Structures are given as C-alpha cells and as structure tokens.
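# Close look at the chain arrangement
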Amino acid sequence: MEIQSIHNPTFTGYKSSFSKKLEKTLSTPKMSREKADALLKNFADMYDKKVCQDSKIGAGFYGSVYKIDDCYVLKRGNEYLKPEFSRIKPIKKQKFSHLKHYFGEAVAKIYNKVGEDMFILKNVYSKGKSIAVGIPNEFAKKNTHDECIKYYSENYLPKFAKLPQRSFDGIAKDFALLNKMCTKRKSYTFDYINPNNFVLCGKTLRIIDEINETDIRTSNCVTDMLEVFLNKMDLDLEAIYDESLVPLRKELAKKLILAGARHKIPMCQSQTDLNSWGKTFNDLLRMEISLEGMEYIVKIIDNIVEKNNNPKKRVELVKKYLEDVIGL
C-alpha cells in the first residue's frame, strides 16, 4: 500500500479566477485599495468553497493545507474558527525564490480577525499527490505502531532508496544556495525536525514548511539529510535496526553523501552531528565504527571535496572511497 502525503508548484494546469487575479497583483508595482478589497472578496468567496475536507491535501501538527487549484494552496491553523478576513497582503519579494526545490514561502498573507492568519503558497505538485519522507503524519495518526513500521519498511524506504542520484542532488544544491545566504550574524536552515517537510513529486524531491532564521552560526549539511531520510521515521519516532533493510539504507546513505559532495555542502558540523553519523553507520547499518573512526571518515570525505573543484571528479573519488574503504 502506498500512502500519499500532504501539500501539493508548477504553473501549468487549472488556475482559478482568484489565482489569476493574485498573480496579476503580484506582477504590478502597487495595488489600489479598491483592487485590494476586490481581491479579498474574491478570496472570501473562494474560501467557503475550497476549505472543506474534500480539498484538504494534508495536515501537520500545527496547520492544514487545502488545494485552491493546480498552482496554489491555502495554509491555515488546525483550530477551526469562523474567519473574519480583514486584509490580504500579496508578498511580492520572495527571499528564497532562487531555491528551485523549496515551496514553503508564502506569496500572500490573509489577515484574520478571529483565530490565526492564513497564507497562500505555491502548490508543490500539480500533477498528482506528493509523497512525504518517512511515515506521513496523517497515516501515523490513524494506524498502529506496527502498521507504521510496516509502511516505513515496505513503502517509504524501498521507494526512496531507489530514486535516481539526481533527486538528491537537487535538494543538496538548495542546501548550498541557502548556506551562501548565511552571514556571521544570521543563518538560515530548513526545518529538519519533521521528515514530512521533505516530499517526493514524481522523482523530484521538494522542501516545504518555513525556513528557520537563527543568530547561531550554522549550516545545512549532509548530517541534516541523514537525519531526515534515514535516522527518523517521523517527527517523534527514531529509526530502528532491521537486518533486512541494511542494503536499502546503505544505498540511500551513499546517495545522500554523494549529493553533498557534488554541491560542496559540509558533511558534519559538530559533535552532535558526528553522533548522527554514528547512529546511521552503527545503529542502522551495524558497521561498528568508533566515533574517532567516524570523525576520520568525515574528514577524509571533506578533504576529497575541498581538493577537487570538478564536481564529477570529486563525486567519483568519494564514491570509490565509500565503496572500497567504508563498504557502502
């Protein structure tokens, strides 16, 4: 059984009258009060039709997402209160628009007098259902622990381990681009706490939910990918050892490391990160590598990446090291 997940951008396909008006507003320098009121009314009319169980395409712990059309979705809090809309604000400057696999940035905010404000986001996948990394939150809510483990083992892991290398290269590139935005005073990171924030659309991986801003110097690295795709099953459930899953986990771990090598993102940034590598290689793959040995391996990979400016060459060298020395 294959479970489909939440959130669904491409800008082809069916586009509602509200979306057409919103796009027109986003492309014009200034919106008159009259046009703003008209857009808000159009949204309110659309809201009564769209925000129902039939158009709900996913839910997390804090919010639910509803499909408006093939191009846009509505995100609102899970607590239901009859809304009283006061204003709609198109967000014309997208800070993260250059991240091609990121779809968590709002294009409009709807102010609500009662309850939480709402947001319009790009639809992450117009051609079908996206599939969440790990065990989808909605599935976990409705099924037993054993059924969740079975879903993870028989559906999630085989599907994602067999994805082509380019699927992981795509999000690693966005990791690198996001790292370039970080300064000494400000850093940006994707939300890695919930694996469901990463979704599969066809064979393309995409990232949803908000980007975190912090004044703590940090970076997006391969450790984060290991945590999302291997070390966690869902928000609250750590991955557990299963001998039958070792080949798939090795295949997935290798693809994640090679994606990081191709786009020169750090392998590991701290002792906590090193512990995550230890969980992957020792707890899940049973390779019995000491933390000192793990640190040495990470340094070797980082050195290969640093000394080779040609992406293809460094990927070849890291792959050879992983296969011949580590046994991945």
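Please read all numbers here as calculations on a predicted model, not as lab measurements.

With that out of the way, let us pick up the overall build of the protein chain. Helix and strand counts for the protein chain come out as 10 helices and 11 strands. Compactness check: the protein chain gives a C-alpha radius of gyration of 21 Å against a globular reference of 20 Å for 328 residues, within 12% of the reference. Expressed as lengths along the three principal axes of its C-alpha atoms, the size of the protein chain is roughly 65 × 45 × 35 Å. Burial analysis of the protein chain (328 residues in total) assigns 53% to the buried set. Roughly 16400 Å² of accessible area belongs to the protein chain as shown, and the carbon and sulfur atoms make up 50% of that amount. Each charge class in the protein chain was averaged separately, 56 positive and 43 negative side chains, and the resulting centres sit 9 Å apart.

Our focus in this paragraph is the environment of Gly170. With respect to the helices and strands, the residue Gly170 is situated in helix 5 (residues 165-180). Its relative accessible area of 10% is what places Gly170 among the buried residues. Spatially, the C-alpha atoms of Gly170 and Leu235 are 23 Å apart, while their sequence positions differ by 65 residues.

Residues Phe190, Phe198, Phe229, Ile257, Trp277 and Phe281 are the most contacted members of the largest nonpolar core, which totals 70 residues. For this core, the element with the highest residue contribution is helix 7 (residues 246-262), accounting for 9 residues. Among all residues touching Phe190, those that are not within four sequence positions of it are Leu99, Tyr102, Asp174, Phe175, Leu178, Phe198, Ile207, Ile211, Asn212 and Asn220. Of all hydrophobic cores here, the second largest spans 20 residues; its members include Leu22, Met46, Ile68 and Phe85.

Next up on the list: helix 7. Working note: α-helix, 3.6 residues per turn, so residues spaced by three or four point in the same direction. Spanning 17 residues, helix 7 covers 24 Å between terminal C-alpha atoms, matching the ideal 24 Å at 1.5 Å per step. With 13 of 17 residues buried, helix 7 is to be regarded as a mostly interior element. Backbone geometry just downstream of helix 7 places Lys264 in the positive-phi region, at approximately 55°.

Scanning the model with the defined rule gives 17 aromatic pairs in all. Look at Phe43 and Tyr47: their rings are 6.0 Å apart centre to centre, the planes differ by 45°, and that puts the pair in the tilted class. Taken as a pair, Phe43 and Tyr47 lie in helix 2 (residues 33-50) at a separation of 4 residues, close to a single helical turn. In this pair, the class of Phe43 matches that of Tyr47, namely buried.

The next thing to look at is the pattern of salt bridges. It is possible for side chains bearing opposite charge to pair when their charged atoms get close. All chains considered together, the criterion is met by 15 salt bridges. Between Glu295 and Lys299 there is a salt bridge, with the nearest N and O atoms lying 3.9 Å from each other. Of this pair, Glu295 and Lys299 are both found in helix 9 (residues 291-307), 4 residues apart, which corresponds to roughly one turn of the helix. A residue is classified by how much of its surface remains accessible, and Lys299, at 48% relative accessible area, is partly exposed. Taken together, the shared-partner salt bridges connect Lys162, Glu251 and Lys255 into one network.

Before going further, it helps to examine the environment of Glu147. Inspection of the secondary structure puts Glu147 in helix 4 (residues 145-161). Spatially, the C-alpha atoms of Glu147 and Lys67 are 28 Å apart, while their sequence positions differ by 80 residues. Reaching out from Glu147, the side chain makes a polar contact with the backbone nitrogen of Thr144 at a distance of 2.9 Å.

Among the 6 residues of strand 3 (residues 72-77), 5 are classified as buried, and the element is accordingly described as predominantly covered. Where strand 2 (residues 63-67) folds back onto strand 3 in an antiparallel hairpin, the turn is made up of 4 residues. Sheet analysis places strand 3 next to strand 6 (residues 118-122), joined by 4 bridges and oriented antiparallel. Of the residues in strand 6, the one forming a bridge with Val73 is Leu121.

This part takes up the side chain of Thr280. Within the fold, Thr280 resides in helix 8 (residues 271-284). Accessibility expressed as a relative area gives 1% for Thr280, which makes it buried. Polar contacts involving the side chain of Thr280 include one to the side chain of Asn231, which spans 2.7 Å.

The relative placement of two packed helices is expressed as an angle between their axes plus a distance between the axes. Close contact between helix 1 (residues 17-26) and helix 2 brings their axes to 10 Å; oriented N to C, the two are set at 150°. One element, helix 1, and the other, helix 2, form an angle in the roughly antiparallel class. The two elements helix 1 and helix 2 meet at a crossing, and its hand is left-handed. Contact residues: helix 1 offers Ser17, Phe18, Lys21, Leu22 and Thr25, while helix 2 offers Leu39, Asn42, Phe43 and Met46. Of the residues assigned to the contact of helix 1 with helix 2, the class counts are 5 nonpolar, 3 polar and 1 charged.

Here we take up the sheet that holds strand 10 (residues 204-207). Taken in spatial order, the 3 strands make up an open sheet running 7-9-10, and their pairing is antiparallel. Because the sheet does not close on itself, it has two edges, and the strands there are strand 7 (131-132) and strand 10. Pairing of strand 7 with strand 9 (residues 198-201) involves 2 bridges; the strand directions are antiparallel. Directly across from Ile131, in strand 9, lies its bridge partner Leu200. Sheet contacts for helix 5: strand 9 and strand 10; angle to strand 10, the most-contacted strand, approximately 30°.

Rules and cut-offs
Residues numbered from 1 in each chain as written. Predicted model: local features only at pLDDT ≥ 70, side-chain atom pairs only at ≥ 80, totals over all residues. Heavy atoms only, no water. Helix = DSSP H or I, 4+ residues; strand = E, 2+ residues; numbered from the N terminus. Rg over C-alpha atoms; globule rule 2.2 N^0.38 Å. Buried < 20%, exposed > 50% of the residue type's maximum accessible area, 1.4 Å probe, protein only. Areas by Shrake-Rupley, 256 points an atom, 1.4 Å probe, with all protein chains shown as cover. Lys, Arg positive; Asp, Glu negative; His and termini not counted. Charge placed at Lys NZ, Arg CZ, Asp CG, Glu CD. Core = buried A, V, L, I, M, F, W, Y, C linked by side-chain atoms within 4.5 Å. Contact = heavy atoms within 4.5 Å. Expected span 1.5 Å × (residues − 1). Phe/Tyr/Trp six-rings, centres within 6.5 Å; stacked < 30°, edge-to-face > 60°. Salt bridge = Lys/Arg side-chain N within 4 Å of Asp/Glu carboxyl O. Polar contact = N/O pair within 3.5 Å; in protein donor to acceptor, adjacent residues only side chain to side chain. Pairing = 2+ DSSP bridges. Axes fitted to C-alpha atoms, helices over the stretch in contact; angles between N-to-C directions. Parallel < 35°, antiparallel > 145°, perpendicular 65-115°, else oblique. Left-handed = near helix turned anticlockwise from the far one by under 90°. Nonpolar A, V, L, I, M, F, W, Y, C, P; charged D, E, K, R; others polar.

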